[in-house]
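# Working through the structure, step by step
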Amino acid sequence: MKLITVSGPPSTGKTSVIIKTIDHLSQKEIKVGVIKFDCLSTNDDILYKRKKIAVQVGISGGLCPDHFFVSNIEECFEWGLKEELDILISESAGLCNRCSPYLRGSLAVCIIDNLMGIHTPKKIGPMLRYADIVVITKGDIVSQAEREIFAYRVKEVNSKAKILFINGITGQGTLHLADLFMKEGERENLKDSKLRFTMPAALCSYCLGEMTVGKDYQIGNIKNINL
Amino acid sequence: MKLEDEKGFDITIIGGHDKDGNPEDLNLTIYSGEVVSIVGPTGSGKSQLLGDIEWMAQKDTPTGRKILINGQVPDVEKRFDIDSKLVAQLSQNMNFVMDVTVKEFVEIHASSRKIEDSEEVIEAIITQANQLAGEEFLEDTPITSLSGGQSRALMIADTAYLSKSPIVLIDEIENAGIDRKSALDLLVKREKIILMATHDPILALMGDKRLVIKNGGINKIIESTAAERKNLVLLEKLDKKLLMMRNKLRNGEIIDCIGWE
């Protein structure tokens, strides 16, 4: 089974791009399933189910979504094998812009959109920098020049990635993404596989439910601004 | 100023098949400086044709078409290289989301194109855009406050001077107070291949030839006839008249003269 990790900030069109890409794969009788990681709630599973795509949802709730991802991905992979999938796609939102839920040896796709402003590529960090493919959506609502400037800024942050312009509404460009998915290698399991980048560090009193502001209440991994 | 020389560029489209699998009998070469209009009902496959060219299709898209660049099979690895994109697309939507002035905008674009000594190019772009737009804007006008016509004019001038892509796709230049003929002339002068999807008879007739798309395939190629070119002159006169009346209306005048002198 191939494992493909897809991530990107909220509302960039991850689900639309994935569904349109799966349409092409289904036509070739490739069986694809999706694990949707989210924080508080998601309705995206309904969209997948409507398309008869096997889907599982993981809601991290009070936990860091990245930590939640890495502590669940192996079981998700086993679910995919049991479902006899050809391709398993994990979809997760990069909520703190520090997330990078990519594994070495699995294709990593980052989905961002043209509306985020030209400084955003620098702010997103590891999620963009460590991706193999960067998909840029919503190109139809900005000018040609802005598309070019945005793509250039993406390239400054990640010069190695393949950049694809995809229209999530019409699906233009998803055929090529489907081709790239098919070129991805097979994996038997995720035993001892490694993350591409460390997770955001967190272990302090606030992680454990502390709500009061003040030095006396801060225990653990604390960092202060140098004012 | 340093600009890439695109002289002598040509593309060849080798036919595939339409949506029902009927063969598309086609071997069409388009040269730089040519204007080709694309006509056909909505959903007939105009965007797919463009998509095939942009992707340098090698019988690996739903239409089975093959694209040659300068008569050769292109290096498909270049498909993902943003610096060697073949098609610059002037989309119908002309919204700007960046919060900068016209000058800053063109500067950022020039720097992303690695053009040094950009002063001269920036000035040329703004002057050209103003000539196309009619309503004047300044270099320190914020791009988000440009009118539809001004934005379009700026993008056409910008594409003419800054885009390295040898092919420009225009998706219908609507009559938003912009001199369409000069816009095309400007792009042609910059040795671009212009592909223009349109339903507008004036624009369609401005093309050297037009491709008729039907059921996903190129159904016919029409070369403009002498009679068509004569009609174009007439249509342009009509269009000027309409523009004149629109300006009168705008200025609060009475529309009482509609004679055809």
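Rules used in this analysis
- Residues numbered from 1 in each chain as written.
- Chains lettered and ligands numbered in written order.
- Predicted model: local features only at pLDDT ≥ 70, side-chain atom pairs only at ≥ 80, totals over all residues.
- Heavy atoms only, no water.
- UniProt positions renumbered as here; feature names shortened; annotations may be inferred.
- Helix = DSSP H or I, 4+ residues; strand = E, 2+ residues; numbered from the N terminus.
- Rg over C-alpha atoms; globule rule 2.2 N^0.38 Å.
- Buried < 20%, exposed > 50% of the residue type's maximum accessible area, 1.4 Å probe, protein only.
- Contact = heavy atoms within 4.5 Å.
- Areas by Shrake-Rupley, 256 points an atom, 1.4 Å probe, with all protein chains shown as cover.
- Lys, Arg positive; Asp, Glu negative; His and termini not counted.
- Charge placed at Lys NZ, Arg CZ, Asp CG, Glu CD.
- Buried area = accessible area lost by both parts, 1.4 Å probe.
- Salt bridge = Lys/Arg side-chain N within 4 Å of Asp/Glu carboxyl O.
- Polar contact = N/O pair within 3.5 Å; in protein donor to acceptor, adjacent residues only side chain to side chain.
- Pairing = 2+ DSSP bridges.
- Axes fitted to C-alpha atoms, helices over the stretch in contact; angles between N-to-C directions.
- pLDDT = per-residue confidence, 0-100.
- Core = buried A, V, L, I, M, F, W, Y, C linked by side-chain atoms within 4.5 Å.

Per an unreviewed UniProt entry, chain B carries the name ABC-type lipoprotein export system, ATPase component and comes from Orenia metallireducens. Checking UniProt for chain B, the heading Sequence similarities (unreviewed entry) contains the comment "Belongs to the ABC transporter superfamily."

### What to know about the overall build of chain B
Helix and strand counts for chain B come out as seven helices and nine strands. Here the C-alpha atoms of chain B give a radius of gyration of 20 Å, agreeing with the 18 Å that 2.2 N^0.38 yields for 261 residues. In terms of overall dimensions, chain B has a C-alpha envelope of 55 × 50 × 30 Å along the principal axes. A burial count over chain B gives 51% of its 261 residues as buried. Considering only contacts within chain B whose residues lie at least 6 apart along the sequence, 66% involve residues at least 24 apart. With an accessible surface of roughly 12,700 Å², chain B has 50% of that area assigned to carbon and sulfur atoms. For chain B, the separation between the mean place of its 32 positive charges and that of its 44 negative charges on side chains is 6 Å.

### Structural notes on the interface of chain B and chain A
Counting residues at the interface gives 29 residues for chain B and 25 residues for chain A. When chain B packs against chain A, the two sides together hide about 2,400 Å² of surface, and 61% of this comes from carbon and sulfur. On inspection of chain B and its partner chain A, the count reaches one salt bridge. The closest approach of N and O atoms between Glu-148 of chain A and Arg-113 of chain B, which form a salt bridge, is 3.1 Å. Remark: the boundary between chain B and chain A carries seven residue pairs in polar contact (both at pLDDT 80 or more). Of all the secondary-structure elements, those providing two or more residues to the side of chain B that touches chain A are strand 5 (87-90), helix 2 (102-112) and helix 4 (148-162) of chain B. Top contributing element to the side of chain B that touches chain A by residue count: helix 2 of chain B, with five residues.

### Looking at the sheet that holds strand 2 (residues 27-31) of chain B
Residue and element names in this part refer to chain B. The three strands lie next to each other as 2-1-4, forming an open sheet whose pairing is antiparallel. The sheet is open, and its two edges are formed by strand 2 and strand 4 (66-69), each paired on a single side. Averaged over all neighbouring strand pairs, the angle between strand axes comes to 20°, with direction disregarded. In this sheet, strand 4 lies alongside strand 1 (residues 10-14) in antiparallel orientation, the contact comprising four bridges. For Ile-13, the partnering residue across the bridge sits in strand 4 and is Ile-67.

### Notes on the confidence of the model for chain B
Here chain B shows a mean pLDDT of 85. Residues at 70 or above account for 93%. Long-range and interchain partners of residues 1-6 of chain B, a stretch whose pLDDT sits below 50, account for twelve contacts in this model, where long-range means more than four residues apart.

### A word on the pairing of strand 5 (residues 107-113) of chain A
Residue and element names in this part refer to chain A. In terms of residue burial, strand 5 counts as a mostly covered element, since seven of its seven residues are buried. Side-chain alternation along strand 5 places Leu-107, Val-109, Ile-111 and Asp-113 on one buried face and Ala-108, Cys-110 and Ile-112 on a second face that is also buried. As paired strands, strand 5 and strand 6 (residues 133-137) are joined by five bridges and run parallel to one another. Looking at strand 6, one finds that Val-109 is bridged to Ile-133.

### Some thoughts on the side chain of Asn-158 of chain A
Residue and element names in this part refer to chain A. On the secondary structure map, Asn-158 appears in the loop between helix 7 (144-157) and strand 7 (162-165). Polar contacts involving the side chain of Asn-158 include one to the main-chain carbonyl oxygen of Ala-131, which spans 3.0 Å. Once residues lying within four places of it in the same chain are set aside, the contact partners of Asn-158 are Leu-128, Arg-129, Tyr-130, Ala-131 and Val-134.

### Brief notes about the nonpolar core
Core analysis: the largest hydrophobic core is formed by 46 residues, its most contacted members being Phe-105, Ile-143 and Leu-154 of chain B. At the level of secondary structure, the elements contributing two or more residues to this core comprise helix 7 of chain A together with helix 2, helix 3 (119-133), helix 4, strand 6 (167-171), helix 5 (180-189), strand 7 (193-197) and helix 6 (201-206) of chain B. Looking at this core, the element that brings in the most residues is helix 4 of chain B, giving eight residues. Ignoring sequence-local partners within four residues, the contact set of Ile-143 of chain B consists of Phe-96, Met-98, Val-100, Thr-101, Val-102, Phe-105 and Leu-154 of chain B. Among the nonpolar cores identified, the runner-up in size contains 28 residues, and Ile-22, Val-55, Ala-178 and Phe-181 of chain A belong to it.

### Structural notes on the pattern of salt bridges
Residues and elements named next belong to chain B. Throughout the structure, instances matching the rule amount to 20 salt bridges over all chains. With a shortest N-O distance of 3.7 Å, Glu-119 and Lys-103 are connected by a salt bridge. One end of the pair, Glu-119, is in helix 3; the other, Lys-103, is in helix 2, and 16 residues separate them in sequence. Judged by relative accessible area, which is 48%, Glu-119 ranks as partly exposed. Accessibility expressed as a relative area gives 22% for Lys-103, which makes it partly exposed. The residue Glu-228 makes a salt bridge to Arg-210 at a minimum N-O spacing of 2.7 Å. Highlighted residues: Glu-228 in helix 7 (residues 226-250) and Arg-210 in strand 8 (residues 209-214), separated in sequence by 18 residues. The class of Glu-228 is buried, set by a relative accessible area of 17%. The buried category is assigned to Arg-210, whose relative accessible area is 14%.

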